[in-house]
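Structural description and commentary
Okay, here's what each chain looks like letter by letter:
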Amino acid sequence: MTSEELDALRGRYIRQLTAVLIHHVPVFWKVALSVSSGKFAKSSQVAADSSANNPVNKAEDRLVDYLDEVAGMICNTLSAYKSKVLTAFNDLEESNILNPHMNDAIKEISKASRAFEAKESAPSIAVTVLRTLEFEISKIYILRLCSWMRTSTEDILKDESWVPVSILERNKSPYSISSLPLAFRAIMVSAMDEINAMLQSLQSESANSEDVSSQLQDIQESVRLAFLNCLLDFAGHLEHIGSKLTQNKSNLGSMHFQNGYSHSHEAAERSVDPVPGSIIDPHLKLLMVLSNIGYCRDELAHELGKVDEDSDIQDLVMSYSGLEEKVLEQYTLAKTNLIRSAAVNYLLDAGVQWGAAPAVKGVRDVAVDLLHTLVAVHAEVFAGCKPLLDKTLGILVEGLIDIFLGLFNENKTKDLRALDPNGFSQLMLELEYFETILNPYFTHDARESLKTLQGVLLEKAIETVTEPTETPSHQRRATRGIDDVLPDDRSGSNVSPDDLIALAQQHSSELLQSELERTRINTACFVESLPLDSVPESAKAAYASFRGGSMGGAMDSPGRSFRGSQSASSPSFRQRRR
């Protein structure tokens with residue numbers, strides 16, 4: 001027989017036992033009361049002289065003893081009933097807990113209790129015994145529901161399909177979740193509905209009993225902790241899923257794992273046929289884990305925790321937020337590795353001799369290619385975890401500027417040992433191009449890093465153009481002559497930082513707008529519409545920050561702000577916080 005069939009027999013057994021009590025005990029007790037009240041005295045009267053030999057007080061004592069004896073017999077019967085019911089109830093399978101057998105068993109006991117509470121149906125001790133049994137069975141049922149929540153949650157985690165659910169299934173939530181949070185929600189709601197119904201029943205029946213009321217509060221506290229722990233355990237399971245995806249960190253961000261895909265992973269996926277429509281890319285899986293975390297924090301925690309204390313909801317939100325930070329760190333770390341590779345190609349491997357750079361003609365293709373790495377991330381996060389789009393790109397943009405700073409400091413005595421005015425203007429143009437396009441995602445720290453980067457570039461350019469020529473007849477300077485770039489007759493040591501800034505700003509004003517227009521289709525995802533008529537104020541401020549706030553034609557020398565302040569150990573060059 002199946003477990004469900006066995007449970008059906010156990011439920012039927014409890015019903016039959018209860019029916020015996022309800023049918024026989026009230027009748028038996030009423031007969032005992034009739035005997036003790038003297039309703040049968042006339043048919044069994046004795047002579048007056050015999051009644052004289054039996055005083056009234058002795059007769060009353062015998063009647064009390066008689067009722068106590070009958071009540072004891074009923075209690076013995078109830079004791080046997082309790083033993084059999086508890087055995088049958090504990091044998092009911094937890095896997096079938098949502099079937100009606102357990103609930104029906106409690107209803108049967110409650111029905112017997114109400115039958116005994118009727119006038120002259122049972123001794124008061126019998127009602128107490130049945131109410132105690134009902135409470136005990138109910139407590140077992142509630143605790144088994146809590147246990148079922150945990151085991152069922154563990155079971156569904158084994159069946160993560162990685163298939164995004166439809167927007168209707170997730171009730172228009174912005175999180176692109178899998179079916180896992182919805183299955184978890186169904187388990188919690190099913191258990192909550194049963195438990196709430198049981199608690200309401202116990203509350204109504206224990207209103208007049210302080211002892212039962214105290215026990216009921218203990219049960220409610222156990223239920224509260226069980227629900228809280230179940231939600232926290234689910235967060236732990238999501239963290240475990242994320243850890244499994246990133247346990248091989250070297251592969252997750254390595255060169256042969258571009259876009260989160262590798263040949264070894266492909267072979268592993270072939271060994272187990274994926275569910276149609278499921279996600280295979282580990283990076284996209286991380287985003288799905290992030291969506292599942294955000295959905296649980298923003299929606300399930302408040303929905304399922306509304307009967308709990310506010311402090312519980314705060315604990316849940318903090319737990320899921322901390323978990324979100326951990327998983328997001330793994331995703332951004334993998335993407336930062338890809339961005340670093342693109343940045344190395346942009347700054348060092350594009351064939352530009354920065355000490356003898358060609359004339360500035362616009363934004364180089366390699367700069368657009370660098371932006372394409374962020375375009376790909378934008379597409380992934382927009383589709384996979386839209387609520388974290390701004391935060392993710394903010395982290396990566398900040399990381400990009402810090403990568404530039406790191407590469408400059410690592411190579412300032414090698415590939416970047418010299419930076420002529422053309423090279424300086426080229427980099428400043430492209431940095432302003434980056435800032436204009438990525439403006440919505442520039443954090444305060446990113447802007448500070450950008451100022452630091454512009455400062456070290458200016459310092460290197462000044463150092464290059466003022467560097468004396470040691471042996472003009474036999475050694476050519478690493479940089480083009482300043483006379484070839486600046487319109488006046490100033491060169492060498494006569495060039496000021498303001499001259500270089502003016503030159504870079506001239507190239508920007510001539511080329512930036514046309515370059516934004518030319519590459520608009522490549523970067524349209526970052527903003528709804530690029531400001532083609534004027535550069536954003538945030539971009540204009542990129543050069544103003546060097547001028548020290550001067551309102552007139554003269555400006556403070558930027559060299560005072562940047563010269564000697566930047567080095568490989570500069571505090572402005574910060575490692576990423578995450």
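In this text the structure is predicted, and so the values were computed from the model without any measurement.

1. Structural notes on the overall build of the chain
- Helices and strands together make up the secondary structure of the chain, namely 19 helices and 0 strands.
- Relative to its full complement of 578 residues, the chain shows a buried share of 46%.
- For the chain, the exposed surface amounts to about 28600 Å²; the carbon and sulfur share of it is 51%.

2. Description of the packing of aromatic side chains
- Following the criterion strictly, the structure yields 6 aromatic pairs and no others.
- Ring plane angle 40° and centroid distance 5.5 Å describe the contact between Tyr 346 and Phe 404, whose orientation is recorded as tilted. With a gap of 58 residues between them, Tyr 346 in helix H11 (residues 310–347) and Phe 404 in helix H13 (residues 389–411) connect regions that are remote in the sequence. Per residue, the accessibility class of Tyr 346 equals that of Phe 404, and both read buried.
- Grouped by ring-pair contacts, the aromatic residues Tyr 346, Phe 404, Tyr 433 and Phe 434 constitute a single cluster.

3. Comments concerning helix H1 (residues 3–37)
- Over its 35 residues, H1 extends 51 Å from the first C-alpha to the last, a length consistent with the 51 Å expected when each residue adds 1.5 Å.
- Remark: the principal bend of H1, roughly 25°, maps to His 24, with a proline, Pro 26, within the next four residues.
- Those residues of H1 not exposed but buried are Asp 7, Gly 11, Ile 14, Leu 17, Thr 18, Leu 21, Val 25, Pro 26, Trp 29, Ala 32, Ser 34 and Ser 36.

4. Observations concerning the environment of Asp 91
- Inspection of the secondary structure puts Asp 91 in helix H3 (residues 56–91).
- A C-alpha to C-alpha distance of 8.0 Å links Asp 91 and Arg 10, two positions 81 residues apart in sequence.
- Apart from the residues within four sequence positions on either side, Asp 91 is in contact with Asp 7 and Arg 10.

5. Overview of the side chain of Ser 178
- Turning to its location among the elements, Ser 178 is positioned in the loop between helix H5 (124–157) and helix H6 (180–205).
- Look at Ser 178 and you get buried, because its relative accessible area is 0%.
- Within the structure, Ser 178 has its side chain in polar contact with the side chain of Glu 160 (distance 3.0 Å).
- With sequence-adjacent residues up to four places away left out, Ser 178 is seen in contact with Glu 160, Val 163, Val 165, Met 288 and Asn 292.

6. Digging into the packing of H11 against H13
- Where H11 meets H13, the closest approach of the two axes is 9 Å, and the angle between their N-to-C directions is 45°. Between H11 and H13, the interaxial angle falls into the category oblique. Helix-helix and strand crossings are classified by hand; for H11 and H13 the assignment is right-handed.
- Taken together, the residues of the contact of H11 with H13 sort by class into 13 nonpolar, 3 polar and 6 charged.

7. Comments concerning the pattern of salt bridges
- All told, the structure shown has 21 salt bridges when counted by the stated rule.
- Ionic pairing is found between Glu 325 and Lys 391, a salt bridge with its closest N-O pair at 2.3 Å. Of this pair, Glu 325 sits in helix H11 while Lys 391 sits in helix H13, and the two are 66 residues apart along the sequence.
- Here Arg 340 makes a salt bridge to Glu 410, at a shortest N to O gap of 3.3 Å. Of the two residues, Arg 340 sits in helix H11 while Glu 410 sits in helix H13, which places them 70 residues apart along the sequence.
- Through salt bridges with shared partners, a single ionic network connects Arg 297, Asp 298, Glu 324, Glu 325 and Lys 391.

8. Examining H6
- Under the 1.5 Å per step criterion, the end-to-end length of H6 is 38 Å for 26 residues, consistent within 8% with the ideal 38 Å.
- Along H6, the residues classified as buried are Leu 180, Pro 181, Phe 184, Ile 187, Met 188, Ala 191, Met 192, Ile 195, Met 198, Leu 199 and Leu 202.

9. Re the confidence of the model for the chain
- Put simply, the chain has an average pLDDT of 80, and 75% of its residues get 70 or more.
- Under a pLDDT of 50 for its full length, residues 254–258 has, in the predicted model, 11 contacts with residues more than four places off or in other chains.
- This model gives residues 260–271 a pLDDT under 50, and the stretch forms 14 contacts once residues within four places in sequence are excluded.

10. Quick word on the side chain of Thr 392
- Mapped onto the fold, Thr 392 is located in helix H13.
- Classification of Thr 392 by relative accessible area gives buried; the value is 1%.

11. Some points on a nonpolar patch on the surface
- Together, Met 1, Leu 6 and Leu 9 make up an exposed nonpolar region whose accessible area comes to about 300 Å².
- For Met 1, the location among the structural elements is in the segment before H1.
- A residue is classified by how much of its surface remains accessible, and Met 1, at 68% relative accessible area, is exposed.

12. Comments concerning the environment of Gly 242
- Take Gly 242: it is sitting in helix H7 (residues 210–246).
- Given a relative accessible area of 5%, Gly 242 falls into the buried group.
- Counting along the chain gives 44 residues from Gly 242 to Leu 286, while the straight-line C-alpha distance between them is 6.3 Å.

13. Notes on the packing of H13 against helix H15 (residues 444–465)
- Following both chains from N to C, one finds H13 and H15 inclined at 25°, their axes separated by 9 Å at the closest point. By the angle between their directions, the pair H13 and H15 is classed as roughly parallel. Note on packing geometry: the crossing formed by H13 with H15 is left-handed. Of the residues in H15, those in contact with Glu 398, Ile 401, Asp 402, Phe 404, Leu 405 and Phe 408 of H13 are Asp 445, Ala 446, Ser 449, Leu 450, Thr 452, Leu 453, Val 456, Leu 457 and Lys 460.
- A breakdown of the residues in the contact of H13 with H15 according to their chemical character gives 9 nonpolar, 2 polar and 4 charged.

14. Comments concerning unusual backbone geometry
- Positive phi is not limited to glycine here, since Glu 120 has a value of about 55°.
- Accessibility expressed as a relative area gives 44% for Glu 120, which makes it partly exposed.
- Even without being a glycine, Trp 162 presents a positive backbone phi close to 60°.
- With respect to the helices and strands, Trp 162 occurs in the loop between H5 and H6.
- Its relative accessible area of 12% is what places Trp 162 among the buried residues.

Cut-off values and rules
Residue indices follow the written sequence of each chain, beginning from 1 at its first position. Side-chain atom pairs in this predicted model are given and counted only at pLDDT of 80 or more, local residue features only at pLDDT of at least 70, and totals for whole chains, interfaces and linings cover all residues. Hydrogens are left out, water is left out, and the side-chain values use all remaining heavy atoms of the structure. Counting from the N terminus, the helices are the DSSP runs of H or I reaching at least four residues and the strands are the DSSP runs of E reaching at least two. Throughout, exposure labels follow a simple rule: accessible area from a 1.4 Å probe, protein chains only, divided by the maximum for the residue type, with under 20% read as buried, over 50% as exposed, and the rest as partly exposed. Only the protein chains shown count as cover for residues, and all accessible areas are computed by the Shrake-Rupley method using a 1.4 Å probe. Any pair of Phe, Tyr and Trp rings, taking the six-membered ring for Trp, is counted once the centres come within 6.5 Å. Such a pair is stacked with planes under 30 degrees apart, edge-to-face with planes over 60 apart, and tilted for the rest. Helix span, as expected, comes to 1.5 Å for every residue beyond the first. Bend angle per residue: angle between axes fitted to the 7 residues ending at that residue and the 7 residues starting there. In what follows, residue pairs with any heavy atoms lying within 4.5 Å of each other are defined as contacts. Think of a polar contact as two N or O atoms within 3.5 Å of one another; within protein, one of them needs to be a possible hydrogen donor and the other a possible acceptor, and neighboring residues in sequence only count if both atoms come from side chains. Interaxial angle, 0 to 180 degrees, is taken between N-to-C directions of lines fitted to C-alpha atoms, where a helix line uses only the stretch in contact. Here the word oblique covers every angle except those under 35 degrees (roughly parallel), over 145 (roughly antiparallel) and from 65 to 115 (roughly perpendicular). A crossing counts as left-handed when the near helix is turned anticlockwise from the far one by less than a right angle, and as right-handed when that turn is clockwise. When residues are grouped by polarity, Ala, Val, Leu, Ile, Met, Phe, Trp, Tyr, Cys and Pro land in nonpolar, Asp, Glu, Lys and Arg in charged, and all others, Gly among them, in polar. One speaks of a salt bridge when a side-chain nitrogen belonging to Lys or Arg is within 4 Å of a carboxyl oxygen belonging to Asp or Glu. Residue-level confidence of the predictor is summarised by pLDDT, bounded by 0 at the bottom and 100 at the top. Residues qualify for a patch when their relative accessible area is over 30% and they have no salt bridge, like charges being joined within 9 Å and the nonpolar side chains of Val, Leu, Ile, Met, Phe, Trp and Tyr within 5 Å.

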